[in-house]
Amino acid sequence: TAAQAAQERGWQLYLVGGAVRDVLRGMQSPQETEVVLTDIDLVVDGFHQSATVGAGVELATVLQERFAGARLDVHGAFQTAALLWHNDPVFDSLWLDIATARTEFYPYPAANPEVEASSIRQDLYRRDFTINALAIRLTTPRQGKLLDFFGGVLDLQRGWVRVLHANSFIEDPTRIFRAVRFAVRFGFEIEPETERFIRHAIASGVYERSRSLNPRTPALQARLKSELKYLLQASYWPRALRELDRLGALQCLHPQLRLTRELWRRLQLMDRGLRRFENWHHLSHWRMLLEVLLSQVEMGDGEFSRAAVAQQLQLPEETVQRLATLGERCERLQGGLKLARRPSEVVQVLEGEELAGLLLVALGMGRSLRRKVWQYLTEWAHVKPLLNGEDLKQLGYKPGPQFKEMLADIQAGTLDGDFGGSREAAIAFVC
Ligand code: ATP
């Protein structure tokens, strides 16, 4: 439908980006790669500037009228339209982006095939890697033709993530994280020269510059956050972090950040805990892993403090606060736990502590203190006292300060096993 609408208007329409890559990968190894397209990128090319601005929106509107149930979003001064179907009977969940080919450097007259080739070529040249810079033409003539200006098909075959030009990572440092993501996800290699460009970009301080430009570049930090999110919520996050570390790219988050054995241990513990305990499931998995990464950084000053880095990444305020107060919380809880011998004393120290903050602190503790926190979280925090307020009332006690104290004593006695699990023993204690 979109191709037909484009054709009627004299425009060209291309399927681009990840969808082309994934379809070609699927054709290469159909047994291994199941291609489910949930995210489709189209580029419309209207030959000259005046026709193209808004062309994507126009096509998206045609599609929306034809296939009801989609939400239409327009961004970037009408250059990109996104159609979203959610739980649709036909499309299930589908995200369709229609962008307008950027032709600003080629404002040539209409209907010139050279120019047409130039503008889609230029659009593809702006992309990150050769494997993402492929396009399939959806309109006639030459409908179905694969456009491969930069050797993307060969790179797919040899399993390479390769940039299109030397400055790519300087231009957009989030591509370093994307390179790692695609390499690890597909079991590809980062092509040697591309790796040199990455190392050069990092050595040249690309992230320091982007950070100092912040807040003028909040968009860059937001994109970096979404790349980190992609990586950390994927099953391959351990390999991705190792690869980022190998490339020195973790220093982009903080100059001191290295994937040490200690950090690795903490990440594994957090990951296992988050997966194992149901009552931790409300915590955002990827964000907790990121907090573990950042918490490992020594408390620096100013823009290099953990909290400042979290703030630059536009993480939620609760994360920023948690990282800012981590040192203080660590000292307070460690001090309390060292003195706490009985379960009831541990509960007294930890009660009311926010789960995420407690987990971060616990990861840094020695084995015996950490075990106390674990037992508190998995067991002691859920222990119900053998007698409650109602029971005490029935025994003839009236609410008041003494009543509260009795409840606290029963709770402590239950936790410490003083009543041997018996209600009668608890009643005898009260009476
Ligand atoms: P995925 O399957 O992970 O969604 P994708 O290739 O579709 O992979 P997106 O992040 O959705 O990834 O990006 C869509 C396309 O936009 C990419 O294929 C790439 O061509 C282009 N792109 C995205 N981010 C960048 C970037 N930082 N620099 C250059 N091109 C980019």
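So, a few notes on the structure that sits alongside this text. Predicted, not measured: the structure shown is a model, and the values here were computed from it. (Residues numbered from 1 in each chain as written. Predicted model: local features only at pLDDT ≥ 70, side-chain atom pairs only at ≥ 80, totals over all residues. Heavy atoms only, no water.)

## Quick notes on the pattern of salt bridges
Part 1: Scanning the entire structure with this criterion turns up 28 salt bridges.
Part 2: Residues Glu195 and Arg199 are paired through a salt bridge, measuring 3.2 Å at the closest nitrogen-oxygen approach. Of the two residues, Glu195 and Arg199 are both situated in helix α9 (residues 192–203); the distance of four residues between them amounts to about one turn of the helix.
Part 3: Residues Asp416 and Arg342 are paired through a salt bridge, measuring 3.0 Å at the closest nitrogen-oxygen approach. Taken together, the positions of Asp416 in helix α22 (residues 401–416) and Arg342 in the loop between α17 (326–339) and α18 (343–350) put the pair 74 residues apart, joining distant regions of the chain.
Part 4: Here the residues in one salt-bridge network are Asp128, Arg178, Arg181 and Glu227, joined through shared partners. (Salt bridge = Lys/Arg side-chain N within 4 Å of Asp/Glu carboxyl O. Helix = DSSP H or I, 4+ residues; strand = E, 2+ residues; numbered from the N terminus.)

## Let's talk about the side chain of Asp391
Part 1: Within the fold, Asp391 resides in helix α21 (residues 389–394).
Part 2: We classify Asp391 as buried; its relative accessible area is 17%.
Part 3: Residues contacting Asp391, with those up to four places away along its chain left out, are Leu386 and Arg423. (Buried < 20%, exposed > 50% of the residue type's maximum accessible area, 1.4 Å probe, protein only. Contact = heavy atoms within 4.5 Å.)

## Some details on the site of the ligand
Part 1: In the vicinity of the ligand, 17 residues are found, and the nearest of them are Arg21, Asp172, Arg175, Arg181 and Arg185.
Part 2: Here an oxygen atom of the ligand sits 3.1 Å away from a polar atom, N or O, in the side chain of Arg127.
Part 3: Note that a nitrogen atom of the ligand is positioned 2.8 Å from one of the side-chain N or O atoms of Asp172.
Part 4: When the ligand sits alone it has 590 Å² of accessible area, and the protein chains cover 79% of it.
Part 5: The leading source of residues in the shell around the ligand is helix α8 (residues 174–186), at six residues.
Part 6: Taken together, the residues of the shell around the ligand sort by class into one nonpolar, four polar and 12 charged. (Near = heavy atom within 4 Å. Polar contact = N/O pair within 3.5 Å; in protein donor to acceptor, adjacent residues only side chain to side chain. Areas by Shrake-Rupley, 256 points an atom, 1.4 Å probe, with all protein chains shown as cover. Nonpolar A, V, L, I, M, F, W, Y, C, P; charged D, E, K, R; others polar.)

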